[in-house]
Number of protein chains: 2
Amino acid sequence: MRHPLLIPDLRELLHDGEVDAVRDFVSEYHPGRIAELIEDLETEDGESLFRVLDRRTRADVFTYLDHERQEQLIAAMLPRDAADMLHLMSHDDRADLVGRLEENVLDPVLPHLAQAERDDIRRLASYAPGTAAAAMTTDYVTLPPHITVRDALEQLRREAPDRETIYYCYVVDRDRKLIGFVSLKRLILSRRPALVEDVMQQDVIFARADQDQESAARQIDKYDLIAIPVIDAEDRLVGIITHDDAMDILRQEQTADMLAFGGVTSGAETKEETYWQGRIVTSVQRRIGWLLFLFVAGFLTKIVSEHFKDVRLKLPDLADFVPLMIGTGGNAGSQTVGTIIRALALGEVRPAEGLRVLARELLTGTLLGVMLGLIGFGYIWMLHGSWGFAAVIGLATLFICMWANTVGTAVPFLARRLGIDPAVVSAPLISTLVDATGLIIFYSIAILLLIKLGGH
Amino acid sequence: MRHPLLIPDLRELLHDGEVDAVRDFVSEYHPGRIAELIEDLETEDGESLFRVLDRRTRADVFTYLDHERQEQLIAAMLPRDAADMLHLMSHDDRADLVGRLEENVLDPVLPHLAQAERDDIRRLASYAPGTAAAAMTTDYVTLPPHITVRDALEQLRREAPDRETIYYCYVVDRDRKLIGFVSLKRLILSRRPALVEDVMQQDVIFARADQDQESAARQIDKYDLIAIPVIDAEDRLVGIITHDDAMDILRQEQTADMLAFGGVTSGAETKEETYWQGRIVTSVQRRIGWLLFLFVAGFLTKIVSEHFKDVRLKLPDLADFVPLMIGTGGNAGSQTVGTIIRALALGEVRPAEGLRVLARELLTGTLLGVMLGLIGFGYIWMLHGSWGFAAVIGLATLFICMWANTVGTAVPFLARRLGIDPAVVSAPLISTLVDATGLIIFYSIAILLLIKLGGH
């Protein structure tokens, strides 16, 4: 949704110093779109546009800018104005920003912030990355239980400008313990003299501060929430995670899972970086780890191959089938592990169900292996007229599929058992594991059928 | 968040016919949790629990039940009650449900619905699956531009019970053309005598009815929206997609992408089915397609291998390295294609940037290949003392990595160019494509260095 036609007009207005016209021009836009306009303009024009926005819009627009642009703008602002913007920003975005800024930019700004805000930033920055607490914001609405709906609505109206959302309100007692929840919709539908505690819902779906952020985001998804409250070990409300942040979390986790599955990263990374933002050196550094490990592990196939040198010298045509056999094992294993990792990530299968899943995947592998094996058998028989070779290919295909499905199921479950995220298990890892063992299966069947039973 | 301790209590209350106590018991729960309770109870107890819920709660809870349970319950209800529930359900869920029900269940129910509701169901069911229109709901709030904020709030209060969300309101003219948007937060903050058209935002972020549902969901994600309006070719508002449905869409698409990347499905499927819901036969049917295609394509490696029979007979030790070489190609290709598919899916790289991406990945592949190649060279040299073999492995590793990265980049871009979703490109497909060509690279380098140059 870029606006290439608007840019020249906007540039002209900015150059002519038509502040009011520019402000009018963008006043109708979503902050995310204004951010796009700023990014599409040259640096200086972008800064001018940003400067003419009113305080609140500026804070909203800022959140949608890329990190580089954010740092440029902050550095160019008066410390006082920068502090005012931090004051108006959503609390989680503010804490993230402060965490990213250089000290020389930050030091003049912080003294302009109220002590309470500095404490809030410090607190939000102190939570371990990847936890629900690290993903939460602190600008939410709390209500005491004993006020009326009328007073609650009045309070919401007063607080609305400074809150990330007013659609969900959390009811807390004097110790800030979370005792209920009421949506704005419910408040609007309730009789005005009723008490908040009478209209609130007591069974609140919440996340723990130290809970994994992905599982908190999945709760938002599962129960269709706009936000989820986060509570500490003493059941005190410490923040909320909003639906839009939950979406960001799930997108990042899924990117991490996809890259881990492709064998690019270890899956532990949650750093958000788009394709072009990453440097080539970083990309090489990420990828060399797994690639090197798998390369070294791949030397196992050489050892296996050497071990079966005799049979290969006797039957040199066998070697022609090696890539096909290990390729098929890799493909079946990759299918299985993709299915299992995703089912584990979504909680569709529980870690305790390993054996049931294994039985199911082994049966699937057997059925797949029988079909492919028959096709391989038929094809080789027709082409070469040798039933011995045909039988070796057919049987090896069957057993390799069964084995690949077993490995593709067992490894993610074992990882989970060892406390490792199953998402680190990649298609290349399973392929590499199945390569050497697939060779053993293939050569062993060849020895049995062609040499011991003389089928050649 | 299951409640194993509650189940026995609840069962007892149900068996004793304590309707009020049961209703009290669950009145504090989120509908999603009541649905879990129903699923944890035996069928009959679950039905009893469902029956005691009040009409509105029943319609809410119903949405969270699994499909099988939904169909059981509908079949057990009086047609009149079922119609009342359909009337209260969210419009998109209702249309989905009606689409799934058998005719013999549906036929007695439909006549109890108002004509307008039957039309709404029919209209929602008529949109092509996968489009924004097919994912939208029609129970949203519209406001005329010329009423006051006070009247708008009064209207919201009246309509709230029947609307999926009242937090976003859409302003339409007499022809239902979308002319603005106003959030409930903005209404609450506005002066009561102001007109809606004066407080509304005119630049509305929208989706087109025939737009891909994933791209509509990504707009919700990008601009942090609670809902996005969907308009038809004449700019008329026809529905909205809410944030929770957007999350579902993204989750399903990402599952589809992951399975497609693992080579399980073609990626076109968007049917939601959890691991245990799918039958083994279905799973085999899905998987055999790609597996068989890749198996047949894998015979290419046999043809290549036969072609190089002479060099293999002269240098039988070469065969020991074949699995390592093609494995490394598969791994590098899998890393690349995973990165590219994800970047394309998120719109981080545009289809037109193919050449820039190719240059970048080729450079990455070269750097990775140099590192792995040097390690392979050093290892073979130390182990075998043959510089010729060491050089073959080193150079083949380098060229195979470069080639694998090229294929892993080019294929998803080509797919996009051909109008195919790049997500159908799987790690196994790239591996298989690189296997045969990797063999050619390996054997060609071996012939050049060991036979022509006599390096052996």
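Note that the structure is a prediction, hence the values are computed from the model and not measured.

A. Up close: the overall build of chain A. Across its full length, chain A holds 22 helices and six strands. Over its C-alpha trace chain A gives a radius of gyration of 30 Å, far above what one expects of a compact globule, namely 23 Å for 456 residues. Per-residue burial over chain A gives 57% buried out of 456 residues. The long-range fraction of contacts in chain A, counting pairs at least 24 apart against all pairs at least 6 apart in sequence, stands at 67%. As displayed, chain A has an accessible area near 19400 Å², and 56% of this comes from carbon and sulfur atoms. Across chain A, the mean location of the 46 positive side-chain charges is 6 Å away from that of the 66 negative side-chain charges.

B. Geometry of the sheet that holds strand 3 (residues 178-183) of chain A. Residue and element names in this part refer to chain A. With mixed pairing, the three strands of this open sheet are ordered in space as 1-2-3. Looking at strand neighbours, the two that pair on one side only are strand 1 (141-143) and strand 3, the edges of this open sheet. The average angle at which neighbouring strand axes cross in this sheet is 35°, direction not considered. By the bridge criterion, three bridges tie strand 1 to strand 2 (residues 168-172) in an arrangement that is parallel. Residue pairing for strand 2: Leu143 is matched across the bridge by Val171. Sitting on the sheet, helix 12 (residues 149-159) touches strand 1 and strand 2, and the angle it makes with strand 1 is about 155°.

C. Spatial organisation of the relation of the copies chain A and chain B. After a rotation of 180° and a shift along the axis of 0.0 Å, chain A superposes on chain B with an RMSD of 0.1 Å. Both copies of the chain, as the preceding transformation shows, are related through a two-fold rotation axis.

D. Here's a closer look at the interface of chain A and chain B. Listed by partner, the interface residues are 126 residues for chain A and 126 residues for chain B. Carbon and sulfur atoms supply 63% of the area that chain A and chain B bury against each other, a total of about 11700 Å² over both sides. If you sort the residues of chain A by the area they bury against chain B, Tyr275, Trp276 and Arg360 of chain A come out on top, with a joint share of 8%. Two residues, Lys309 of chain B and Asp317 of chain A, come together in a salt bridge whose shortest N-O distance is 2.7 Å. Here the side of chain A that touches chain B takes 18 residues from helix 19 (residues 322-345) of chain A, the largest share from any one element. Of the residues in the side of chain A that touches chain B, the class split is 62 nonpolar, 32 polar and 32 charged.

E. Up close: the state of the cysteines. What the rule picks out here adds up to zero disulfides over all chains. Of all cysteine sulfurs, the one in Cys169 of chain B lies closest to Cys169 of chain A, which takes part in no disulfide; the gap is 17 Å. On the basis of relative accessible area, Cys169 of chain A is assigned to the buried category, the value being 0%.

F. Geometry of the sheet that holds strand 4 (residues 207-208) of chain B. All names here are of chain B. Strand order in the open sheet formed by three strands is 4-5-6, with mixed pairing between adjacent strands. Edge positions in the sheet fall to strand 4 and strand 6 (237-242), since each of these pairs with one other strand and no more. Strand direction decides the pairing type here: strand 5 (residues 227-231) and strand 6, joined by five bridges, are antiparallel. Directly across from Ala227, in strand 6, lies its bridge partner Thr242. Each of strand 4, strand 5 and strand 6 touches helix 15 (residues 213-222); the most contacted strand, strand 5, lies at about 140° to it. Each of strand 5 and strand 6 touches helix 16 (residues 243-261); the most contacted strand, strand 6, lies at about 70° to it.

G. Examining the nonpolar core more closely. Counting 106 residues, the largest nonpolar core has Leu184, Leu187 and Ile241 of chain A together with Leu184, Leu187 and Ile241 of chain B as the members making the most contacts within it. Core analysis: the second largest hydrophobic core is formed by 105 residues, Ile341, Ala396, Val424 and Leu429 of chain A among them.

H. Spatial organisation of the domain arrangement of chain A. Residue and element names in this part refer to chain A. As assigned here, chain A comprises domain 1 (6-127), domain 2 (141-248) and domain 3 (280-452). Each of domain 1 and domain 2 has a C-alpha centre, and these two points are 29 Å apart. In this complex, domain 1 contributes four residues to the contact, which on the side of domain 2 involves five residues. Together domain 1 and domain 2 conceal approximately 360 Å² of surface at their shared face, both sides included; 29% is due to carbon and sulfur atoms.

I. Summary view of the pairing of strand 2 of chain A. All names here are of chain A. Where burial is concerned, most of strand 2 is hidden: five out of the five residues are buried. Here strand 2 shows a buried face lined by Tyr168, Tyr170 and Val172 and a second buried face lined by Cys169 and Val171. Assessed by its sense of winding, the connection that carries the chain from strand 1 through helix 12 to strand 2 is right-handed. Of the pairings in the sheet, the one linking strand 2 to strand 3 comprises five bridges and is antiparallel in character. Counterpart to Tyr170 in the pairing with strand 3 is Phe181. Linking strand 2 back to strand 3 in an antiparallel pair, the connection comprises five residues, with Arg176 at a positive phi of about 65°.

J. Seen up close, the side chain of Glu117 of chain A. Note on placement: Glu117 of chain A falls in helix 10 (residues 115-125). Of the polar contacts made by the side chain of Glu117 of chain A, one reaches the side chain of His87 of chain A; its length is 2.9 Å.

K. Examining a negative patch on the surface more closely. All names here are of chain A. On the surface, Asp9, Glu12, Asp16 and Glu18 cluster together into a patch of negative charge. Assignment of secondary structure puts Glu18 in the loop between helix 1 (6-15) and helix 2 (19-27). For Glu18, a relative accessible area of 40% corresponds to the partly exposed category.

L. Focus on the pattern of salt bridges. For the structure shown, the criterion picks out 50 salt bridges over all chains. Here Arg287 of chain B ties to Glu361 of chain A by a salt bridge, and the two come within 3.2 Å at their closest N and O atoms. With Arg287 of chain B in helix 17 (residues 280-307) and Glu361 of chain A in helix 20 (residues 354-384), the pair connects residues from two separate chains. With its nearest N and O atoms 3.0 Å apart, the salt bridge here joins Arg208 of chain B to Asp235 of chain B.

M. Looking closely at the environment of Arg23 of chain A. Looking at where Arg23 of chain A falls in the secondary structure, it is placed in helix 2. The sequence separation of Arg23 of chain A and Arg123 of chain A amounts to 100 residues, and the corresponding C-alpha distance is 36 Å.

N. Focus on the packing of aromatic side chains. Applying the stated criterion to the full structure yields 24 aromatic pairs over all chains. Ring geometry for Tyr168 of chain A versus Phe181 of chain A: centroids 4.8 Å apart, planes at 70°, classification edge-to-face. With Tyr168 of chain A in strand 2 and Phe181 of chain A in strand 3, the pair connects residues that are 13 residues apart, well separated along the chain. A relative accessible area of 15% means that Phe181 of chain A is categorised as buried. With a centroid separation of 4.9 Å and an interplanar angle of 80°, the aromatic rings of Tyr275 of chain B and Trp276 of chain B are classed as edge-to-face. With relative accessibility at 8%, the residue Tyr275 of chain B sits in the buried group. With relative accessibility at 25%, the residue Trp276 of chain B sits in the partly exposed group. A connected cluster of aromatic rings, assembled from ring pairs, spans Tyr168, Tyr170 and Phe181 of chain A. Over the ring of Tyr275 of chain B we find Arg360 of chain A; its NZ or CZ atom is 5.0 Å from the centre of that ring. One Lys or Arg, Arg58 of chain B, reaches over the ring of Phe50 of chain B and ends 5.8 Å from the middle of that ring.

Each value, and the rule that gives it
Residues numbered from 1 in each chain as written. Chains lettered and ligands numbered in written order. Predicted model: local features only at pLDDT ≥ 70, side-chain atom pairs only at ≥ 80, totals over all residues. Heavy atoms only, no water. Helix = DSSP H or I, 4+ residues; strand = E, 2+ residues; numbered from the N terminus. Rg over C-alpha atoms; globule rule 2.2 N^0.38 Å. Buried < 20%, exposed > 50% of the residue type's maximum accessible area, 1.4 Å probe, protein only. Contact = heavy atoms within 4.5 Å. Areas by Shrake-Rupley, 256 points an atom, 1.4 Å probe, with all protein chains shown as cover. Lys, Arg positive; Asp, Glu negative; His and termini not counted. Charge placed at Lys NZ, Arg CZ, Asp CG, Glu CD. Pairing = 2+ DSSP bridges. Axes fitted to C-alpha atoms, helices over the stretch in contact; angles between N-to-C directions. Least-squares fit on C-alpha atoms with pLDDT ≥ 70 in both. Buried area = accessible area lost by both parts, 1.4 Å probe. Salt bridge = Lys/Arg side-chain N within 4 Å of Asp/Glu carboxyl O. Nonpolar A, V, L, I, M, F, W, Y, C, P; charged D, E, K, R; others polar. Disulfide = S-S within 2.5 Å. Core = buried A, V, L, I, M, F, W, Y, C linked by side-chain atoms within 4.5 Å. Domains from an automatic or database assignment. Right-handed = clockwise from strand over helix to strand, strands pointing away. Polar contact = N/O pair within 3.5 Å; in protein donor to acceptor, adjacent residues only side chain to side chain. Patch = residues over 30% accessible without salt bridge, like charges linked within 9 Å, V, L, I, M, F, W, Y side chains within 5 Å. Phe/Tyr/Trp six-rings, centres within 6.5 Å; stacked < 30°, edge-to-face > 60°. Lys NZ or Arg CZ within 6 Å of the ring centre and 35° of its normal.

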